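A structural walkthrough
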Amino acid sequence: MITEQTFTIKQTAELTGLSEDTIRYYEKINLLPQADRKDNGHRVYHQKDINTIRLIVCLKKTGISLEAMKPFLKVSADADPAEHLELVEELRSQRDNIVSQISSLQQIVDFIDIKLEEGRPRGECSDQTPDGVQEEFKETKTKPISVVEMSYFSASAKTGKLPNAIK
């Protein structure tokens, strides 16, 4: 009989990049299910727990709050995205926010590059392009969520068939 590999909290922390305290906290606030315990009371984690923690880390990078992650974590990895349009819309909204942040950061990088080329920093950081012309803020079109972006809905991602409402 093949037994499933288990992990200590220390191993889980190393595999996920989170601290042991953070993992315990996520259990305490019910973001993670309570870990199984050995007879001696030590926590035992399984591969599914590691995968859930990795999803939490990924969602956290998008800027989604811990509380807002709970619905994402309740959705089965095999769920059809068409059944969870509100979650898809939230991901799109987060994506739009990130694209906006990237744009703002790129303006700052461009400003720094210009000042470095000039050899001396002067002037002010503004919404102007390098040639001084005021840049029009264009409304970004919502890019369809790709199969990769939807990979946590693995059943749909594996088939490559997303409902038209999501494309």
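Here's a quick rundown of the structure.

About the thresholds
- Residues numbered from 1 in each chain as written.
- Predicted model: local features only at pLDDT ≥ 70, side-chain atom pairs only at ≥ 80, totals over all residues.
- Heavy atoms only, no water.
- Helix = DSSP H or I, 4+ residues; strand = E, 2+ residues; numbered from the N terminus.
- Buried < 20%, exposed > 50% of the residue type's maximum accessible area, 1.4 Å probe, protein only.
- Contact = heavy atoms within 4.5 Å.
- Areas by Shrake-Rupley, 256 points an atom, 1.4 Å probe, with all protein chains shown as cover.
- Salt bridge = Lys/Arg side-chain N within 4 Å of Asp/Glu carboxyl O.
- Expected span 1.5 Å × (residues − 1).

Take the overall build of the protein next. The number of helices and strands found in the protein is six helices and two strands. Counting helices and strands in the order they occur from the N terminus, the protein gives α-α-β-β-α-α-α-α. Taking all 167 residues of the protein together, the buried fraction comes to 28%. Sequence-distant contacts in the protein: of pairs separated by 6 or more residues, those separated by 24 or more amount to 55%. Accessible surface, the protein: about 11700 Å² in total, of which carbon and sulfur atoms supply 52%.

For the coordinates displayed, the defined rule picks out five salt bridges. Residues R24 and E20 are paired through a salt bridge, measuring 3.4 Å at the closest nitrogen-oxygen approach. Pair noted here: R24 and E20 are both in helix α2 (residues 20-28), with a separation of four residues, about one helical turn. D21 is the partner of R24 in a salt bridge, and the nearest nitrogen-oxygen pair spans 2.9 Å. Separated by three residues within a single helix, R24 and D21 lie in helix α2, roughly one turn from each other.

Bringing helix α5 (residues 85-118) into the picture now. The end-to-end C-alpha distance of α5, which contains 34 residues, comes to 49 Å, matching closely the 50 Å that a straight helix rising 1.5 Å per residue would cover. Those residues of α5 lying buried are L87, V88, L91, R92, Q94, Q107 and K115. In this structure, the buried side of α5 is in contact with α3 (47-62) and α4 (66-74). Looking at the residues trailing α5, positive phi occurs at G119, about 90°.

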